[in-house]
Amino acid sequence: MSYRERRNFIECMRTLGMPEIISYQSFTQPNFPLVVRTLKWLIERIRYDPTYELHQNISTEQGRILFIKSVESFMISRAQLKVNIKRLYMADGYAVRELLKLAKVLYQATTKCITKESVDDILNKNEAFVPFDISRKIEDLRELRRLSDVITETGTLIYEMLNKEIEQRSIREFTLNKQINITDIEKSLKNAIVLVQKSIENIEKDTQKVKGDSKNIESKINKKTAELTRNSKRLETLQNVRPAYMDEFETYEEELKVLYERYMDVFRNKHQYEVLIQEYTKKNIEFQKEIQNRISRLSSNENLASISSDASSSESKYSNENNDIEFNLDSDNSNISVDYDKNSDSEYETEIPRNAKSGRINRAKSSKPRYNPEDDDNYF
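Residues numbered from 1 in each chain as written. Predicted model: local features only at pLDDT ≥ 70, side-chain atom pairs only at ≥ 80, totals over all residues. Heavy atoms only, no water.

Quick look at the overall build of the protein chain
For the protein chain, the count of helices and strands is ten helices and three strands. Each helix and strand of the protein chain, ordered N terminal to C terminal, gives the series α-α-α-α-α-α-α-α-α-α-β-β-β. Counting the 380 residues in the protein chain, one finds 16% classified as buried. Put simply, of all contacts in the protein chain between residues at least 6 apart along the chain, 48% involve residues at least 24 apart. For the protein chain, the accessible surface area stands at approximately 31,700 Å², while carbon and sulfur atoms represent 55% of it. (Helix = DSSP H or I, 4+ residues; strand = E, 2+ residues; numbered from the N terminus. Buried < 20%, exposed > 50% of the residue type's maximum accessible area, 1.4 Å probe, protein only. Contact = heavy atoms within 4.5 Å. Areas by Shrake-Rupley, 256 points an atom, 1.4 Å probe, with all protein chains shown as cover.)

Focus: the environment of arginine 97
Along the chain, arginine 97 falls in helix α5 (residues 93–111). Residue arginine 97 is classed as partly exposed on the basis of its relative accessible area, which comes to 30%. Considered as a pair, arginine 97 and asparagine 8 are 89 residues apart in the sequence and their alpha carbons are 9.9 Å apart.

Examining the packing of aromatic side chains
Here the structure, examined in full by the defined rule, presents two aromatic pairs. With a centroid separation of 6.0 Å and 65° between ring planes, the pair formed by phenylalanine 32 and tyrosine 89 is classed as edge-to-face. Linking phenylalanine 32 in helix α2 (residues 32–46) with tyrosine 89 in helix α4 (residues 85–90), this pair joins segments that are 57 residues apart in sequence. (Phe/Tyr/Trp six-rings, centres within 6.5 Å; stacked < 30°, edge-to-face > 60°.)

Structural notes on the side chain of glutamate 165
Looking at the element boundaries, glutamate 165 is found in helix α8 (residues 165–177). Aside from chain neighbours lying at most four places away, what touches glutamate 165 is Arg78 and Arg172.

Read these as layout, nothing more, since geometry by itself doesn't imply function.
Structure (structure tokens):
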């Protein structure tokens, strides 16, 4: 260990604010308790995992070994730093080199700042201000959104894994303390080699299939290109050649134009005639309705006059006929029939009830023939 490394370590620890004073003579001889205190203080300051616990019992040799191994696992898994545990266990001047690795992480984080030159550069850049166009940053915004989703997913995954850390800590320590069996390693390596060989064979088979497919596709492409060139040449020849029936087609086309013009004239005239006919029929129907209404009004006036004259004559005739009524008593029947004169054109009959004991006619219950104006039509 050099003097410069020891000096850098002491300055780093003073800058970080370690309460215990470390001198140049602290590591001339093995000093394991000082190494333990320094490591605990550094690990607490780093705070990669506040729940991480180091092995506390260092009174025995096995306890000190477990403490150094727990420090190694922490620095590898959390800080991604590789340390030599043998030098840390020796706790002499060579241990300072390993402690300096962890101290530099904190020292660089605390001393990192913007220098005066960098500030001047930023101010000079801001002098030539360019208007900000957000349309140029759309892709960056999309990437930022994607990364934010990834960060949240990884954060939840890390949180779940940290919750399982307490359960898996004992398993991990057991596996770290377990002695490595060479035969098991050989078996696992052989199995891995076999799997890799199988995957290589599968990949080779797939590549051969792809090569065969590519050849088939190339042959099909060549056939299609040949057909395309042949058809394009044929199309060019057909476009350049004038058909034999083209002259006749042009003459028929001109005749068709003339016939179409005639057809349009006839169609327009026909439509105009149909419109005129519809207007004429409409006016004729209205005229006929008006004539019928006038005739109906005149006929209704004449009917009223004739009905009034007929009613007066029928009343006089009805009064004369009532004097000719004859009453005939039938001994066998219990009813009396009333008959008009035989010379009269109409006849009225009614049944009058008779008293069964006295044989008299019940005048109160008898009914006379009523006058019906419809019967007057029989006299005319």
